[in-house]
Every structure is written in C-alpha cells, then in structure tokens.
Amino acid sequence: MTASGCCFQAYLFTTALLPLCFSVCQLWRECSRRLLRTRQSFAWVSTAESSSSSNHALVQALEEELEKVQVLPQTVFYIADAETFSGHEEHCHGQKKARRRNSKETAIALEKLLPKRCQVLGLVTPGIVVTPTGSRSGRPLEIEDGEAGFALLFPKIDGVKIQTFHFFKDPKSKVVDESQFAEAGLKNNPDLRVVLLFGYNTWKSGATRFLHQIVNRLNEKSIILAGGHVDSFTSLTSENNSQAADSCGVVGLTFSGPQIQSATVLLDQDVVNEKTAEAAMQRLKAASIPERNTVGFMFACVGRGYQHYKSKRNLEADAFRKFFPTVPLFGFFGHGEIGCDRIVTGNFILRECNNVKDDLLHGYTTVMTLIHLG
C-alpha cells in the first residue's frame, strides 16, 4: 500500500473515532459535574443516644462518622443539649464525683476533630431536634430530655457565602457599631438572603433591649430571619472573649447568594393539634422551595412539644416530614423564638403579610424554616 493510501485510511479511522471521543468527553464532563454537585451539598452528623464514653455523645458520633463524610466542611454549625454537654456528673459505685463535664472542654474535644480553618458556631440548648445521620428521609426526632446533638457540615458551595457573627452587649457602648454589621455581611450586602440569629444569656439585665436593637435593624431588610434564645454559645472560633461569654449577646449565621431561596412559618399558640400543625406546614409547602440541597430548621419553645400537645410526642417534626419527605430537619427547644411568616421566592423578592414591620420576637411558639442552597 502506498504512503498516501495509509494516510487516507488513518484519516478515515480518525474521522470515525471523533464522534465517539466527543461522546466520551461529554460523559466524563457530566460525571465530573455530578460529582462536584454532590461534594457541594451539606452533610451532617447527629446523635440521640447517651454516650458510652466520658465525652458527649456528639463528640463520639463525630469521631466515628466524620471520616465517612465526603465533604470538607468550611462552616460547621452544631447544637447540643445543655444538661449533658456542660452539666453531666459522673458516677462511681453510686457516689457522685465532684468533677463535672465542662462545656469548654467538651467544645475543645469536638472542634479538634474539625478542619483547622473552618469557621464554627456551637450552641447549647435545653432540647434538640435531629434527623438521623445520613438519612434525608429519616424521621426527625424531638429530643426534649436526654443526651442529643447534631453538627451541620457546610462545604464551599459555588455562589453561596456563609458567615458567622457575634455581637455582645458592651457596657461602654450603647449601640452596635455599623462597621460590625458590615463585617458580618449584614449591611451593604445585596446578596444577603437568610440570617439565623440566636440570643444568649437573655435573662440578664438589658438583654431584651439589646436583642431588639439587633433584630429591628434586620427587620428592615428583605431577608429571612429565624432563630431563638439559647442557653449559651460554646464555639471557640467565633469570639473567645470572657467578657462576651459573661455578658448577653447575639450569635448567628448569614447565608448570602442569589441562588438561595428560603421561607419561614410561625406556629403560634393557636396551633394545638395535628390538624392545625399540618395547616402551618401547608403554608410552608406553598412557598414552593425546592427540596434538593435544602435544610429545615425548627426553633421551638420549651413549653411546646409533648406538654403542649397533650402528651403526644414529635407532633411538629412528624407534620414537617409529611410535607417534606426528603428534607432533613434540625433545631432546638429554647427560651424564645425569632421569626414570622416570610418567603424569599425564586425571583428573590420578599413577600410579607402586611405593610408594617412584622413582630419577630415570640414566646410559646415554633418557627419552621427552609433554606435552599441552590
């Protein structure tokens, strides 16, 4: 065969392979995109059982499960029950030891398991709401008594920015500096969509006025605001300041990004049974928030739960699961709630129930929240 003939055959062979190579490249590109999307989805570790070690059950669960998580967390948000996270007393032959579990020591043990550069917000509350580890469709549990906790692990997500913030009441200053709001992404931030906000030591003098000062500023914004009052914050990476811990203050997370969608509903004192709880979930469902890559939060008063629903346990979490079968739910029972009926829709315009400011601070209620991360 002549050289020209060989070249012609090689040309024909190469031409025939081009469509196949193109298809293979497309397949690999789609596979890589799917893998990237998977790695940009949040994960979590949770526990609703007592620890078999001296550490809190959440620390033990993270030790066992963290290596299985296929995301490198950039932000970690954890909540544990107050009684056993910081108030557990060890027993020995029926005698109580003098040493109690220390919340700071527990927080150190927990945060040593996490990547050094990730930002962490940790809270301690009277009761916990958790979804079992790894099961988006698992039954969420309202743990009103006993050892429990969860850690939400948020990786770096394209188009989404999550920031922690911390304001505390400084006796030398009556107002929060505007620069602090800007640093936290709460001011001059057109992409701000959601603020989870938690007041601590709210029983102290001046705490209510300070909380109103923060919330009223945020109520002017076209954002979702949800949260409640907690016992304390334990995170060592927010602001390890003894004055802040001894004072009253506010900690939280901001979620910014044009792709974020969110909605909240308030279950007030008129929600007293399964029927009225499901009616509230129908309002949340009507917001049409996508369920994929969406996390649910439940911030409830310690006076609700089985005491409010005539000894029927898990009623609100079960109502949520009925309408959102694949959205994991997390949260707590606390000493006050923050939120109202609000929706940030697909075109990112806030719809409010009326033209006046919504009342955001409540008691004896539950705030249900959805956050879709795109």
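Residues numbered from 1 in each chain as written. Predicted model: local features only at pLDDT ≥ 70, side-chain atom pairs only at ≥ 80, totals over all residues. Heavy atoms only, no water.

Overall, the predicted model of the protein chain reaches an average pLDDT of 84, with 79% of residues at or above 70. Every residue in residues 30-38 scores below 50 in pLDDT, and together they form 2 contacts with partners more than four places removed in sequence or on other chains. Every residue in residues 88-99 scores below 50 in pLDDT, and together they form 13 contacts with partners more than four places removed in sequence or on other chains. (pLDDT = per-residue confidence, 0-100. Contact = heavy atoms within 4.5 Å.)

A word on the sheet that holds strand β13 (residues 249-256). Read across the sheet, 6 strands follow the order β9-β13-β10-β11-β17-β20 without closing on themselves; strand pairing throughout is mixed. Where the open sheet ends on each side, the last strands, each with one partner, are β9 (161-168) and β20 (361-362). Direction of pairing for strand β10 (residues 192-200) relative to strand β11 (residues 224-230): parallel, over a ladder of 7 bridges. When the sheet's bridge partners are listed, G199 is paired in β11 with H229. Along the sheet, helix α6 (residues 207-218) makes contact with β9, β10, β11, β13, β17 (337-338) and β20, crossing β10 at roughly 175°. (Pairing = 2+ DSSP bridges. Helix = DSSP H or I, 4+ residues; strand = E, 2+ residues; numbered from the N terminus. Axes fitted to C-alpha atoms, helices over the stretch in contact; angles between N-to-C directions.)

For helix α8 (residues 274-285), with 12 residues, the first-to-last C-alpha span of 16 Å sits near the 16 Å given by 1.5 Å per residue. Looking at α8, one finds that the buried residues are A277, E278, A280, M281 and L284. Along the axis of α8, the buried positions cluster into a sector of 155°, meaning they face one direction only. Next to the buried residues of α8 lie β14 (261-267), α9 (315-323) and β21 (366-372). Capping of α8 at its N-terminal end is provided by N273; its side-chain oxygen lies 3.2 Å from the backbone amide nitrogen of K275. (Expected span 1.5 Å × (residues − 1). Buried < 20%, exposed > 50% of the residue type's maximum accessible area, 1.4 Å probe, protein only. Arc of directions from axis to C-beta. Polar contact = N/O pair within 3.5 Å; in protein donor to acceptor, adjacent residues only side chain to side chain.)

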